[in-house]
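Fold and contact review
Letter by letter, the chains look like this.
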Protein chains: 2
Amino acid sequence: MSGLRERKKVKTRESILREAFRLFRERGYSATTIEQIAEAAEVSRATFFRYFPTKEDLVTLDHFPPLIEALKAQPPAAAPVSALRGAFRTAFAGLSAEEIAAGHAREVFAATVPELVAANLRKSPGLIRQVGEILAARAGCRPDDPRIRNVVGAVLGVVAMTWMRWAQDPAMDGPAEIDRSLAHLESGLNL
Amino acid sequence: MSGLRERKKVKTRESILREAFRLFRERGYSATTIEQIAEAAEVSRATFFRYFPTKEDLVTLDHFPPLIEALKAQPPAAAPVSALRGAFRTAFAGLSAEEIAAGHAREVFAATVPELVAANLRKSPGLIRQVGEILAARAGCRPDDPRIRNVVGAVLGVVAMTWMRWAQDPAMDGPAEIDRSLAHLESGLNL
DNA sequence: TCTCTTATGAGACTGCAGTATCATTTGTGC
DNA sequence: GCACAAATGATACTGCAGTCTCATAAGAGA
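Residues numbered from 1 in each chain as written. Chains lettered and ligands numbered in written order. Predicted model: local features only at pLDDT ≥ 70, side-chain atom pairs only at ≥ 80, totals over all residues. Heavy atoms only, no water.

**A look at the UniProt feature "DNA-binding region" (unreviewed entry) in chain A**
For clarity, the threshold we go by: UniProt positions are given in the numbering used here, feature names are shortened, and annotations may be inferred rather than shown by experiment. Segments assigned H or I by DSSP are reported as helices when at least four residues long, segments assigned E as strands when at least two residues long, and all are numbered from the N terminus.
Annotation from UniProt places "DNA-binding region" (unreviewed entry) at residues 33-52 of chain A. In this annotation, residues 33-52 of chain A is assigned 70% helix and 0% strand; the end-to-end C-alpha distance for the span is 14 Å.

So this is what it looks like as structure tokens:
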């Protein structure tokens, strides 16, 4: 079934993505017009919209790494921060180096440009709540307990900051650094 | 000097803000056009743009509470998280209850709608860096030290989460709750 | 090769944000 | 009341995202 048609579509899609990200890097997200992307990808504007309904769709994360499942599988005795740290570690371990590298540019980008942060926030309204609910169930308290919120906030804040460092230094070992940062948080953020 | 002109300008500005937020609540931020806001505020489109250069300016925080100054004034011996906690406390203490209440709706709104989160992120690229630099100077390490980033990330994450709780429950004492959350972070996030 | 289906390109069109110009109104100082 | 400066309104304009229509090109299957 892998006819010429399908292969061409894949190539076109990849070409659009590649050129779009190149332009984004060169001149920024909002300064890059769809017309420029289409031209660089040697495709008409209309075709661009057939592949990506909106500009945002170029950069939004289709799905987060299976963080939720990994979190559920953590040992019940672990403290909340430890459990989340373990979940991140497990989630990343389930990805091949290629997958991490492939998704890195795109996700890092999405985490760096404000417009895209918003786009992703809009697409994942449940993630924060979901993490909070699991932690609350583990700890035997209500999901809206301030302490649960604090843990989620602190962990996500630390991860976000590390993610941004990763964005600026692609040579960095992102997963390892995230783990190290969470260990730092776990041990009280002392210097 | 408080002539009629000045008072009219203040009234116009308030009218635009009030009608804009009413419409935002009714039909959402991006679904509200500037033309609608201008009409509701009984003002021409041109005048709207004279008061607010962009739509985003309606909702972005003009300036954070004088957090930076408060942070610089913290006792040098305090640990980073403690210093930030103290800075938040001082910054809020410098505001009257009216100022807090007045800014609350607007800021809460800005913290809730994804587009506006992005707008605020774009406007405060320096805040995070600035806080990091001060903390680094206090601790005698480099501003890009991962530990500094972790502290900033964790604190901002905790504050952001508390801020969202505040958004859902306006009766909450926001500043006090932020202080409590930071105390929780300070003491290791244990349950 | 011939037909059918599907992807593409071209171009016009809408809606909205933001800019620019210029005439008109409306406070302000005298 | 008068002359000046400032705020406003009307209007036309640009630029870009996203939609729509229709003609053409190109792969699929016979």
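**Things to note about the nonpolar core**
Keep this limit in mind: Throughout, nonpolar core names a set of buried Ala, Val, Leu, Ile, Met, Phe, Trp, Tyr and Cys residues whose side chains join them through atoms within 4.5 Å. Partly exposed residues are those whose accessible area sits between 20% and 50% of the maximum for their type, while under 20% is buried and over 50% is exposed, using a 1.4 Å probe and protein chains only. Contacts are assigned to residue pairs with any non-hydrogen atoms lying within 4.5 Å of each other.
Counting residues in hydrophobic clusters, the biggest one holds 65 residues, and the most contacted among them are V155(A), L185(A), V155(B) and L185(B). Ignoring sequence-local partners within four residues, the contact set of V155(B) consists of V81(B), L84(B), F88(B), L182(B) and L185(B). Counting 17 residues, the second largest nonpolar core, distinct from the first, contains I34(B), Y51(B), L58(B) and L116(B).

**Quick word on the relation of the copies chain B and chain A**
Superposition of the two copies of the chain requires a rotation about an axis and a shift along the axis. Under the convention used in this document: Copies overlap after least-squares fitting; the atoms used are the C-alpha atoms of residues with pLDDT of at least 70 in both.
Superposing chain B onto chain A requires a rotation of 180° together with a translation of 0.2 Å along the rotation axis, leaving an RMSD of 0.9 Å. Accordingly, the operation relating the two chain copies is best matched by a two-fold axis. When you check the interface residues of chain B against chain A, 100% turn up at the interface there too, and the contact is symmetric in its surfaces.

**Side note on the interface of chain B and chain A**
To keep it simple, the criterion reads: Defined in terms of a 1.4 Å probe, buried area is the accessible area two parts forfeit on being brought together, summed over both. Each salt bridge in this description consists of a side-chain nitrogen of Lys or Arg and a carboxyl oxygen of Asp or Glu lying within 4 Å of one another. Any pair of N or O atoms that falls within 3.5 Å is considered a polar contact. Within protein, one atom must be able to donate a hydrogen and the other to accept it, and sequence-neighbouring residues count only if both atoms are side-chain atoms. Following the grouping adopted for this structure description, the nonpolar residues are Ala, Val, Leu, Ile, Met, Phe, Trp, Tyr, Cys and Pro, the charged ones are Asp, Glu, Lys and Arg, and the polar ones are all others, Gly among them.
Tallying the contact residues gives 30 residues for chain B and 30 residues for chain A. Approximately 2800 Å² of surface area, both sides summed, lies buried where chain B meets chain A, with 74% of it carried by carbon and sulfur atoms. Together, N150(B), M161(B) and L191(B) form the three largest contributors to the area buried by chain B at its contact with chain A, with a combined 24%. The tally of links between chain B and chain A comes to zero salt bridges. At the boundary of chain B with chain A, the tally comes to four residue pairs in polar contact (both at pLDDT 80 or more). Those elements that place two or more of their residues in the side of chain B that touches chain A are α5 (80-93), α7 (114-123), α8 (125-139), α9 (146-168) and α10 (174-186) of chain B. Here the side of chain B that touches chain A is composed, by residue class, of 17 nonpolar, seven polar and six charged.

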